[in-house]
Amino acid sequence: KKDILDMASLSVEEISLILDTADRMKEISERPVKKVPTLRGRTIVLFFYEASTRTRTSFDIAAKRLSADSISISASTSSMVKGETLIDTARNIEAMNADVIVMRHSSSGAPHMLAKRLKASVINAGDGTHAHPSQALLDMMTVRENKGTLRDLRIAIIGDISHSRVARSDIAGFTKMGADVVLAGPPTMIPRGIETLGVSVVHNIDNAIHGADVIMMLRIQKERQKGFLFSTEREYARVFGLSKERLRKHAKDDVLIMHPGPVNRGVEISPDVADGPYSVILDQVTNGVAVRMALLYLVSGGVRNASSD
Ligand code: CP
């Protein structure tokens, strides 16, 4: 595949190939010398128009572990501040023979627009409220690693679904791989008609947690909210936050607690749950490097080149 734009455009076979490749990449990341020459001579440009800690850093580390050259550009230090358009900026980068452009942008569809016009591969690192496919893939890798399968698991995704590109990509990915997804959150944070994506919706967090194999808590995206429904963050935490007490009362003994980050501690999740024994939040981050190594490898013709690696 030339581009990785969203989960909807990946088949079950392609998702399985990415996850299997990521498992192999994780083994490389666990060696004392965590670097292989696989992508030597390739140039990867990280083009981030929104803030990022995990995604940008892990794509950069992934590129370096595969011996590619990577360079980072942000909106505030590029000539976009002088009025250059996104497509002109991207064409100029391509003119420097970049092989892969990894892009995060506040506008939904921006990476798709670039992918249509550029010969370079484009990987979507998050576009507006639309998609964040590498996050969904690392989430699926983390669940598969812990549960052995994705099929027939109950995945509860809780919080601000409306503004969450992670939720949209997780829904597309997990349902495609045979899991049951249940969403919970305040009515104002759940888009109307989302059941057509093959998920169920409840408005009580305890009902969502009950019987769940995985609980994925989402951040309240204050930067994208017009008006916050709850009078205080403490009130939100009381009604929709994941606390130790709530877990003890309603969750399965082998539940996995996940969060894509960044975490609002004490709002959607209490610190003792985020750091507690069921949490795999930092495992998600570790697996993010492996998944992004797999994506860079595969869009660079990895399967074709596998025999010569
Ligand atoms: N999960 C995630 O996308 O984190 P960053 O915004 O820090 O990249």
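Residues numbered from 1 in each chain as written. Predicted model: local features only at pLDDT ≥ 70, side-chain atom pairs only at ≥ 80, totals over all residues. Heavy atoms only, no water.

Asks: Describe the site of the ligand, with residues and values.
Replies: For the ligand, the full set of nearby residues is S52, T53, R54, T55, R104, H132, Q135, P260 and G261. A distance of 2.8 Å separates an oxygen atom of the ligand from a polar atom in the backbone of T53. Between an oxygen atom of the ligand and a side-chain N or O atom of R104, the distance comes to 2.9 Å. Relative to its unbound accessible surface of 250 Å², the ligand loses 91% to contact with the protein. Classifying every residue of the shell around the ligand gives one nonpolar, six polar and two charged. (Near = heavy atom within 4 Å. Polar contact = N/O pair within 3.5 Å; in protein donor to acceptor, adjacent residues only side chain to side chain. Areas by Shrake-Rupley, 256 points an atom, 1.4 Å probe, with all protein chains shown as cover. Nonpolar A, V, L, I, M, F, W, Y, C, P; charged D, E, K, R; others polar.)

Asks: Tell me about the UniProt feature "binding site: L-aspartate" (unreviewed entry) in the chain, residues and numbers included.
Replies: The feature "binding site: L-aspartate" (unreviewed entry), as given by UniProt, occupies K82, R165 and R219 in the numbering adopted here. These residues run over 138 residues, and the two farthest C-alpha atoms among them are 33.0 Å apart, placing them at more than one spot. Within the secondary structure layout, K82 lies in the loop between β2 (69–74) and α3 (86–95). Judged by relative accessible area, K82 falls into the exposed class, the value being 70%. Mapped onto the elements, R219 comes out in the loop between β8 (214–217) and α8 (233–240). Ignoring any residue separated from it by four or fewer positions in sequence, one finds R219 in contact with D160, H259, P262, N264 and E268. (UniProt positions renumbered as here; feature names shortened; annotations may be inferred. Helix = DSSP H or I, 4+ residues; strand = E, 2+ residues; numbered from the N terminus. Buried < 20%, exposed > 50% of the residue type's maximum accessible area, 1.4 Å probe, protein only. Contact = heavy atoms within 4.5 Å.)

Asks: Lay out the sheet that holds strand β9 (residues 256–258) in plain terms, naming residues and giving numbers.
Replies: Taken in spatial order, the five strands of this open sheet run β7-β6-β5-β8-β9, and their pairing is parallel. In this open sheet, the two edge strands, each paired with only one partner strand, are β7 (200–202) and β9. For this sheet the average axis-to-axis angle between neighbouring strands, irrespective of direction, equals 20°. Sheet topology places strand β5 (residues 154–158) next to β8; four bridges connect them, and they run parallel. Bridge assignment links A156 to a residue of β8, and that residue is I215. (Pairing = 2+ DSSP bridges. Axes fitted to C-alpha atoms, helices over the stretch in contact; angles between N-to-C directions.)

Asks: Before we move on, can you summarise the environment of D254 with the specific residues and values?
Replies: By secondary structure assignment, the location of D254 is in the loop between α9 (244–250) and β9. For D254, a relative accessible area of 45% translates into the label partly exposed. Spatially, the C-alpha atoms of D254 and M177 are 21 Å apart, while their sequence positions differ by 77 residues.

Asks: Please give an account of the pattern of salt bridges that cites residues and values.
Replies: Any two side chains of opposite charge can pair, on the condition that their charged atoms come close. Tallying each qualifying case throughout the model produces 14 salt bridges. D3 is paired through a salt bridge with K2; the nearest N and O atoms lie 2.9 Å apart. Note that R265 is salt-bridged to D275, the shortest N-O span being 2.9 Å. Of this pair, R265 sits in the loop between β9 and α10 (271–274) while D275 sits in the loop between α10 and α11 (281–299), and the two are 10 residues apart along the sequence. A relative accessible area of 46% means that R265 is categorised as partly exposed. Exposure remark for D275: the relative accessible area of 54% places this residue in the exposed category. Linked through salt bridges whose partners overlap, the residues forming this network are D20, D23 and R144. (Salt bridge = Lys/Arg side-chain N within 4 Å of Asp/Glu carboxyl O.)

Asks: Pulling in residues and values, what's your account of the side chain of D160?
Replies: One can find D160 in the loop between β5 and α6 (165–176). A relative accessible area of 0% means that D160 is categorised as buried. Polar side-chain contacts of D160 include one of 3.0 Å to the side chain of H163.

Asks: Just give me the short version of the sheet that holds strand β4 (residues 121–127), but keep the residues and values in it.
Replies: What the four strands build is an open sheet, ordered β2-β1-β3-β4; its pairing is parallel. A single partner strand is all that each edge strand has here, and the edge strands are β2 and β4. The sheet shows a mean angle of 15° between the axes of neighbouring strands, taken without regard to direction. Two strands pair when backbone bridges link them, and strand β1 (residues 43–48) and β2 are joined in this way by six bridges, in the parallel orientation. Its bridge partner lying in β2, F48 is registered against S74.

Asks: Account for the nonpolar core, with residues named and values stated.
Replies: Core analysis: the largest hydrophobic core is formed by 60 residues, its most contacted members being V102, I123, L137, M140, I157 and L296. Take this core: its biggest share by element is 10 residues, from α11. Non-local contacts of L137, meaning those with residues more than four positions away in its chain, are made with M7, L10, I15, I18, L19, V291 and L295. Formed by 24 residues, the second largest nonpolar core is a distinct cluster that contains I209, A212, Y236 and V267. (Core = buried A, V, L, I, M, F, W, Y, C linked by side-chain atoms within 4.5 Å.)

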